[in-house]
Amino acid sequence: MARPALEVADIFRAYGPAWRRAQAGHLSLGQLKVMSAIERCRTAALGGHVARCEKCDHTQIAYNSCRNRHCPKCQGAAAKAWLADREAELLPVPYYHVVFTLPAPVADIAYQNKAEIYAILFRATAETLLTIAADPKHLGARIGLTAVLHTWGSALTHHPHVHSIVPGGGLSLDGQHWVSCRPGFFLPVRVLSRLFRRLVLEQLVAAHEAGRLHFFGNHAPLAERHAFAAYLAPLRKVEWVVYAKRPFAGPQAVLAYLSRYTHRVAIANSRLLAVDDNGVTFTWKDYRDKGRQRHKTMTLASDEFIRRFLIHVLPSGFHRIRHYGLFANGGRAENLARVRNLLAVPTPQDEPRDLGTNADEPPTHSPPCPCCGGRMIFIETFERGSTPTTRPPSPITIDTS
């Protein structure tokens, strides 16, 4: 795949040093690590190897990837391995897509309390779906779901929301049979929205009383109990956004969706158009515009672009893909086997797959030669910060992850 004309790494290399100096003392260690990883990704700073074609002697350099989960270039291999696992777990039933979004006032304080409030968003999403699905007035079944956190809007704004992928049915409460939802309808959105609102607000109050929320700047007064209660009060009276999309057109459509969403980062390199003294220009989608003009361009000053990108750096160790109910890690294999037995479908056979190698080592298989399609053989490996002794006429940087 050809390298994009412009990458986030190019912007970080050009404007990152000045940004770091201007923001000294205001950037987290995690944000600094992300900038460094993206700047160094697929460069000699991380080492790599040299491969030569057996047929035509075409030679190319392959630099190692940083494999940081926020890097736009390093999600392909991780997504491929993750999707291989999910493909083996798919059931022959309709799948539904439900999106749970935090309202703007909660998103504002979530930026200062990422780990705590993002975790509340996950818990409230899962509990809402599991509770309403188990209610005999609705589905009356134990369901499973996969939830994926996104923290951005198309314009890189802070917009925390969870995409949940749910099979259209579940195990009966006694575990003896499969309960299917009505064709084309999963669960009532308004009921989901009201429970989601209550759960989030209850958990926010509990977190505040336990001293797990922290406030700075304009939000500093919210540290006081009555001020925080007053801040949340209007949110109890408005409808929260829970959006149910149309069911997927079969299991393969679920995989296609997951391949685009699970390992997505705040902005893909393909959306970048230009960078100059005026700033960074990129494409974005205006969801409020229902016409043909919803795809637009935006130019941000380079420092504002970097700031918006970095607000989406997740806390260290925070999992942005989680499984609940029947798909919870502890009992997933047993639950899936039970469901397949009830649906009378065979258990898929496990197939060996290449999960990749260490970032500092060449992979066991190389892409075919771009000139003749022949097999590429590794002829040299070089360490971090080194340069290869073999120099091809026109080096091509490729991913080694």
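To be clear, the structure that these remarks concern was listed above.
Remember, predicted model here, so these are calculated numbers, not experimental data.

**Focus: the environment of E87**
And then number 1: Within the secondary structure, E87 is located in helix α3 (residues 76-89).
And then number 2: Between the alpha carbons of E87 and A147 there is a distance of 16 Å; along the sequence they are 60 residues apart.
And then number 3: Discounting residues that sit within four places of it in the chain, E87 has contacts with Q252 and L255.

**Here we look at the sheet that holds strand β13 (residues 321-325)**
And then number 1: An order of β9-β3-β6-β5-β13 is seen for the five strands of this open sheet, with the pairing classed as antiparallel. This sheet does not close on itself; its edge strands, each paired only once, are β9 (242-244) and β13. For this sheet, the mean inter-axis angle between neighbouring strands, taken without regard to orientation, is 25 degrees.
And then number 2: Alignment of strand β5 (residues 144-152) against β13, held across five bridges, turns out to be antiparallel. Looking across to β13, one finds that A147 is bridged to R322.

**Observations concerning the sheet that holds strand β1 (residues 48-53)**
And then number 1: An order of β2-β1-β14 is seen for the three strands of this open sheet, with the pairing classed as antiparallel. One side of each edge strand has no neighbouring strand; the edge strands of this open sheet are β2 (59-63) and β14 (376-382). Strand-to-strand, the axes of this sheet are offset by a mean angle of 25 degrees, without reference to chain direction.
And then number 2: Bridge count between β1 and β2: five bridges; the pairing is antiparallel. Within β2, the position partnered with G48 by the bridge is Y63.

**With respect to the environment of C66**
And then number 1: Tracing the chain through its elements places C66 in the loop between β2 and α3.
And then number 2: Put simply, C66 and D135 are 69 residues apart on the chain and 46 Å apart in space, counted from C-alpha to C-alpha.
And then number 3: Among residues more than four places away in sequence, those in contact with C66 are A37, C41, L46, C71 and C74.

**With respect to the side chain of T281**
And then number 1: Looking at the secondary structure, you find T281 in strand β11 (residues 279-285).
And then number 2: A polar contact is formed between the side chain of T281 and the side chain of T299, at a distance of 2.7 Å.
And then number 3: Not counting the four nearest positions on each side in its chain, T281 is found in contact with R271, L272, L273, A274, T297, M298 and T299.

**Description of the packing of helix α6 (residues 189-209) against helix α7 (residues 225-232)**
And then number 1: At a minimum axis distance of 11 Å, the contact between α6 and α7 shows a crossing angle of 165 degrees. Between α6 and α7, the angle is such that the two are roughly antiparallel. Where α6 crosses over α7, the handedness of that crossing is right-handed. Contacts from L201, L204, V205, H208 and E209 of α6 reach α7 at R225, F228 and L232.
And then number 2: When its residues are assigned to classes, the contact of α6 with α7 shows five nonpolar, one polar and two charged.

What counts, and where the lines are drawn
- Residues numbered from 1 in each chain as written.
- Predicted model: local features only at pLDDT ≥ 70, side-chain atom pairs only at ≥ 80, totals over all residues.
- Heavy atoms only, no water.
- Helix = DSSP H or I, 4+ residues; strand = E, 2+ residues; numbered from the N terminus.
- Contact = heavy atoms within 4.5 Å.
- Pairing = 2+ DSSP bridges.
- Axes fitted to C-alpha atoms, helices over the stretch in contact; angles between N-to-C directions.
- Polar contact = N/O pair within 3.5 Å; in protein donor to acceptor, adjacent residues only side chain to side chain.
- Parallel < 35°, antiparallel > 145°, perpendicular 65-115°, else oblique.
- Left-handed = near helix turned anticlockwise from the far one by under 90°.
- Nonpolar A, V, L, I, M, F, W, Y, C, P; charged D, E, K, R; others polar.

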